[in-house]
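Secondary and tertiary structure notes
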Amino acid sequence: MEEDYREYRTGQGVPKTGEYMCQSGERLTFNKNEDFPVCPVSGKETYWKNHEGDK
């Protein structure tokens with residue numbers, strides 16, 4: 001799905017539960033309706049991509 005490759009910024013709502021990867025390469029699992037956090041590596045705003053299909 002095209003939606004799975006969309007990027008989400010820190011502070012945006014998680015569209016669906018799944019595994020996401022930040023720009024630093026850290027993968028975390030988020031639940032739908034949570035907000036994307038800052039990068040766990042740099043502590044700064046980042047982009048997150050869904051990586052559920054990469055398993």
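For the structure, see preceding data.
Residues numbered from 1 in each chain as written. Predicted model: local features only at pLDDT ≥ 70, side-chain atom pairs only at ≥ 80, totals over all residues. Heavy atoms only, no water.

1. A few points about the overall build of the chain
If you tally the helices and strands in the chain, you get 0 helices and 4 strands. Listed by position from the N terminus, the elements making up the chain come as β-β-β-β. Buried positions account for 27% of the 55 residues belonging to the chain. Within the chain, contacts between residues separated by at least 24 positions form 46% of all contacts whose residues are at least 6 apart in sequence. Carbon and sulfur atoms form 43% of the exposed surface of the chain, whose accessible area is close to 3,800 Å². (Helix = DSSP H or I, 4+ residues; strand = E, 2+ residues; numbered from the N terminus. Buried < 20%, exposed > 50% of the residue type's maximum accessible area, 1.4 Å probe, protein only. Contact = heavy atoms within 4.5 Å. Areas by Shrake-Rupley, 256 points an atom, 1.4 Å probe, with all protein chains shown as cover.)

2. Some details on the sheet that holds strand E3 (residues 27-30)
The 4 strands are arranged E1-E4-E2-E3 in an open sheet whose pairing can be described as antiparallel. Two strands close off the open sheet at either side, each with one partner strand: strand E1 (7-9) and E3. Here the strands of the sheet are splayed against their neighbours by 40 degrees on average, with no regard to which way each runs. As judged from the 4 bridges shared by strand E2 (residues 18-22) and E3, these two strands associate in the antiparallel manner. The residue of E3 that forms the bridge with Glu-19 is Thr-29. (Pairing = 2+ DSSP bridges. Axes fitted to C-alpha atoms, helices over the stretch in contact; angles between N-to-C directions.)

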